[in-house]
Amino acid sequence: RVTSRGGSSTHVDPLVLAPLSTASPRRMSGLPAGCFPISALSNYSKGWKIRARVTSRGQLRSWQSKNGSGAEGKVFNVDVLDCEGGEIRCNFFNQAAELHFEKMNVGKCFEMSKGSLRIANRQYNTTNHKYEITFDKEAIIEEVADDAAIEKMKLNLINMRAVAGKQLPCAVDLCGVVVSFKQPLSFTSKAGKDLTKREVVIADDSATSMTVTLWGERAQKEDKVFEGNPVICLKGVTVTEFQKGRFGSLREDGFLVLDPKETEAERVRQWWSQGGSSASLQALSIEGVAASRAPKGKTATLEEVRQVAEQGVPDQELFNVYCRLSVVQTKKQGEDQPLFYNACQEPKQNGLPCNRRVDTSGFCATCNKVGKVATRLNLRCKFSDAKDSVWLTTFHEGAQRAIGMEADKVKELDGSNRESLESALRSTYLQRPLQVTIRAKQEVYQNENRTNISCIDARPVPYAEHGYQMLSQIQEMLLDETITAGVGGA
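As a convention, each chain's residues are numbered from 1 in the sequence order in which they are written. Residue-level local features of this predicted model are given only where pLDDT is at least 70; pairs of side-chain atoms are given and counted only at 80 or more, and the full residue set underlies all totals for whole chains, interfaces and linings. In computing side-chain properties, one takes all heavy atoms of the structure into account and sets aside hydrogens as well as water.

Caption draft 1: Looking closely at the overall build of the protein chain. Helix and strand definitions here come from DSSP, where helices need a minimum of 4 consecutive H or I residues and strands a minimum of 2 consecutive E residues; each element is numbered from the N-terminal end. Secondary structure assignment for the protein chain yields 9 helices and 30 strands. The buried share of the protein chain, reckoned over its 490 residues, is 45%. Contacts are residue-level and defined by heavy atoms, with any inter-residue pair within 4.5 Å sufficient. When contacts within the protein chain are restricted to residue pairs at least 6 apart in sequence, long-range pairs at least 24 apart make up 64% of them. For the accessible areas, the method is Shrake-Rupley and the probe is 1.4 Å, while residue cover comes only from the protein chains on display. Approximately 25500 Å² of the protein chain is accessible, and the part contributed by carbon and sulfur atoms is 48%. When accessible area is computed with a 1.4 Å probe and restricted to protein chains, residues below 20% of their type maximum are described as buried, those above 50% as exposed, and intermediate ones as partly exposed.

Caption draft 2: Here's a closer look at the layout of surface pockets. Throughout, the protein atoms alone are placed on a 1 Å grid, and a set of points is a cavity if a 1.4 Å probe fits but cannot get out or a pocket if it is open with protein on both sides within 12 Å along at least five of seven lines; lining residues have an atom within 4 Å of a point. Grid points are joined across faces, edges and corners, and a volume is the space filled by probe spheres set on the points. Taken as a whole, the second largest pocket spans an internal volume of roughly 1200 Å³. What lines the second largest pocket is a set of 37 residues, and nearest its centre among them are Gly58, Gln59, Arg251, Glu252 and Asp253. Taken together, the elements giving at least two residues each to the lining of the second largest pocket come down to strand S4 (49-57), strand S6 (72-81), strand S7 (87-93), strand S15 (194-204), helix H3 (216-219) and strand S18 (245-258). Under the convention adopted here, Pro, Cys and the residues Ala, Val, Leu, Ile, Met, Phe, Trp and Tyr are nonpolar, Asp, Glu, Lys and Arg are charged, and Gly plus all remaining residues are polar. Its residues placed into classes, the lining of the second largest pocket shows 11 nonpolar, 14 polar and 12 charged.

Caption draft 3: How the structure looks around the side chain of histidine 100. Mapped onto the elements of the fold, histidine 100 is located in helix H1 (residues 95-100). Taking the relative accessible area as the measure of exposure, histidine 100 reaches 4% and is therefore buried. Residue contacts for histidine 100: discarding those within four places in its chain leaves Phe76, Phe92, Ala139 and Ile141.

Caption draft 4: Region of the structure containing the packing of aromatic side chains. Paired rings are identified among Phe, Tyr and Trp, the last through its six-membered ring, by centres lying within 6.5 Å, and are further divided according to the angle between planes into stacked (under 30 degrees), edge-to-face (over 60) and tilted (the rest). Applying the stated criterion to the full structure yields 6 aromatic pairs. Ring centres of tryptophan 48 and phenylalanine 135 lie 6.4 Å apart, and the angle between their planes is 65°; this geometry places the pair in the edge-to-face category. Of this pair, tryptophan 48 sits in the loop between strand S3 (16-17) and S4 while phenylalanine 135 sits in strand S10 (residues 131-135); the two residues are 87 residues apart in sequence, bridging distant segments of the chain. For tryptophan 48, a relative accessible area of 7% corresponds to the buried category. Between tryptophan 271 and tryptophan 272 the ring centres are 5.8 Å apart and the planes differ by 55°, which places this aromatic pair in the tilted class. The buried category is assigned to tryptophan 272, whose relative accessible area is 12%. Three or more aromatic residues link up through ring pairs in this structure, and these residues are Trp48, Phe76, Phe92, Phe101 and Phe135. Here arginine 57 stacks its cationic end above the ring of phenylalanine 101, 4.0 Å away from the centre of that ring. Note on geometry: a ring has a charge over it if NZ (lysine) or CZ (arginine) is within 6 Å of the ring centre and within 35 degrees of the ring normal.

Caption draft 5: Highlighting helix H5 (residues 302-311). Leu302, Val305, Val308 and Ala309 are the residues of H5 that are buried. The arc that holds the buried residues of H5, viewed along the axis, is 120°, so those residues lie on one side. Facing away from the buried surface of H5 by more than 90 degrees, the exposed residues are Glu310 and Gln311. In the core, the buried residues of H5 are packed alongside strand S21 (316-328), strand S27 (373-384), strand S28 (389-395), strand S29 (434-445) and strand S30 (448-460). Working definition: the arc comes from the directions between the helix axis and the C-beta atoms, pointing outward to the latter.

Caption draft 6: Summary view of the nonpolar core. Definition of nonpolar core: a set of buried residues of the types Ala, Val, Leu, Ile, Met, Phe, Trp, Tyr and Cys, connected through side-chain atoms within 4.5 Å. Residues Phe383 and Ile403 are the most contacted members of the largest nonpolar core, which totals 36 residues. Top element by residues in this core is S21. It accounts for 5 residues. Apart from the residues lying within four places of it in its own chain, the contact partners of isoleucine 403 are Ser280, Leu325, Val328, Leu377, Leu379, Val410, Leu425, Thr428 and Arg432.

Caption draft 7: Representation of helix H7 (residues 407-416) in the model. Listed as buried for H7 are Ala407, Lys409, Val410 and Leu413. Along the long axis of H7, the arc covered by the buried residues comes to 160°, so they all point the same way. More than 90 degrees from the buried face of H7, the exposed residues found are Gly415 and Ser416. Contacts made by the buried residues of H7 are with helix H4 (263-273), strand S24 (340-344), S27, helix H6 (396-403) and helix H8 (418-426).

Caption draft 8: Structural detail: unusual backbone geometry. In this structure, the amide linkage connecting leucine 168 to the following residue, proline 169, adopts the cis form with an omega of -5°. Tracing the sequence through the fold places proline 169 in the loop between helix H2 (160-163) and strand S13 (170-181). The backbone of asparagine 94 shows a phi angle near 55°, a positive value even though the residue is not glycine. Along the chain, asparagine 94 turns up in the loop between S7 and H1.

Caption draft 9: Geometry of the packing of H7 against H8. All axes here are fitted lines through C-alpha atoms, helices being fitted over the stretch that makes contact, and every angle between N-to-C directions spans 0 to 180 degrees. Packing of H7 against H8 brings their axes to within 5 Å, and their N-to-C directions diverge by 135°. When the axes of H7 and H8 are compared, the pair comes out oblique. Between H7, through Val410, Leu413, Asp414 and Ser416, and H8, the contact on the second element is made entirely by Arg418, Ser420, Leu421 and Ala424. Per-class residue counts for the contact of H7 with H8 are 4 nonpolar, 2 polar and 2 charged. Here the word oblique covers every angle except those under 35 degrees (roughly parallel), over 145 (roughly antiparallel) and from 65 to 115 (roughly perpendicular).

Caption draft 10: The arrangement of the pattern of salt bridges in detail. A pair is scored as a salt bridge if a Lys or Arg side-chain nitrogen falls within 4 Å of a carboxyl oxygen belonging to Asp or Glu. Evaluation of the coordinates by the stated rule reveals 31 salt bridges. One salt bridge connects lysine 409 with glutamate 412, and the closest N-O pair in it is separated by 3.5 Å. Linking lysine 409 with glutamate 412, this pair stays in helix H7, spanning 3 residues, or about one helical turn. The buried category is assigned to lysine 409, whose relative accessible area is 4%.

Caption draft 11: Structural detail: the pairing of S30. Inspection of the sheet shows S28 paired to S30 by 2 bridges, in the parallel sense. By the bridge assignment for S30, threonine 393 is matched with serine 454. Where S29 meets S30, 12 bridges bridge the pair, whose relative direction is antiparallel. Across the sheet, valine 444 pairs through a bridge with asparagine 449, a residue of S30. As consecutive antiparallel partners, S29 and S30 are separated by 2 residues, and within that stretch glutamine 446 has a phi angle of approximately 50°, a positive value. By definition, two strands form a pair when at least two bridges between them are found by DSSP.

Caption draft 12: Examining the environment of glutamine 270 more closely. Mapped onto the secondary structure, glutamine 270 falls in helix H4. As a C-alpha pair, glutamine 270 and aspartate 205 span 65 residues in sequence and 8.8 Å in three-dimensional space.

Caption draft 13: Representation of the confidence of the model for the protein chain. Residue-level pLDDT values for the protein chain average 84, and 89% of them are 70 or greater. pLDDT measures how confident the predictor is about each residue, on a scale from 0 to 100. In the model, residues 11-29 has pLDDT below 50 throughout and makes 48 contacts with residues more than four positions away in sequence or in other chains. In this model residues 288-293 is a low-confidence stretch, pLDDT under 50, and it forms 10 contacts with partners more than four residues away in sequence or in other chains.

Caption draft 14: Region of interest: the environment of glycine 107. If you trace the backbone, glycine 107 turns up in the loop between H1 and strand S8 (109-113). A sequence separation of 52 residues divides glycine 107 from threonine 55, and the C-alpha atoms of the two residues are 6.0 Å apart. Non-local contacts of glycine 107, meaning those with residues more than four positions away in its chain, are made with Arg53, Val54 and Asp146.

See below:
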């Protein structure tokens, strides 16, 4: 079984956790004689002994001191849970690690003593306990018979809006609906290890989404596991920051809970079915940011970009413009405009997907076969700033960030109710500042040179950063006025 802070219970499997049809309530039988409650442990506790179940176990790793002393050793960690719901992380070092690693299997119950307590490291520890235990060669670890009063797992769930305010890196447990997912990707790490990963985007009722990477067997699960916007729980997600985006990664000793029965899961399901599916989401993760930085260009206004386009450019130029999305063209002469297309996802020689448009049967002329496809956006967007407004063809990654909606979601809404899609798009107009990268490129059309401008990237601007940027503009204007007044006075 698995419990959340809400108190509900779900049966689990060690790797992918899928509940049975009924969930048993937790039996509160009290602590065995001579055992100390985990929740009461502190660095003032002396002579304690705990009885607990192992809920997760990390790999046995080697370590080496970075201070030049040459010290080295081994370490692994486990999370344990007692019958009163107290949970704590235990770290085993050197002789204790070698002696106890093989027997500390997930699901087993042990009585443990002769350890020391220290403040928990929140970068890696998802338990709610203020402390964690360190065991060395003096540790006493004795396996005991299975204690039915101890749950299989405990989830410490937080919403994703709270993740946005956490100091990074951090470890969290999450519950969310699968908004979109990518195909599994197999590759070889720099260390020569064969790995498989799959990225999923999950959102919860705080109207916030984040990309989480699944690894190994979890990543290789069939697509149908993630289709249809199922609600899942993830225990042991490490959240890090990269290029101003926040990304999650499910740890090897973490758990994927399918069809959870927790109170939080029911709340997310209800939110999704009652309007959340068409809501504008605040994305913590910036898609594609891991592959490249935001394109750098000259800061300009839309008016300046228009002037450059009218005058022409010798080759191409990039501009960064702070503006807002004001309109997405959904109709032309009364007819619905296509907003997306299917793109080939078969890997090229460099390992990247082909991304060429396929026909209605899924055939890619470039790859000369029918293969995997993905939905990609191609929008005609009108962006506005204080000076001007311009229409720009906006490609997939930038389009998704501009409208705050994944391509698969756009396709789903378009297929079910076009009006609901257009309503969702209208709700994003003029709502948040964007940093838009515009490319002005010289092209030949019908034997005439012309400058084509398009949006190749769009990223939400953090409000604090946008405020500083506007303050800088105000200071420049005041300085210009001061200089002008000085010249006039002379």
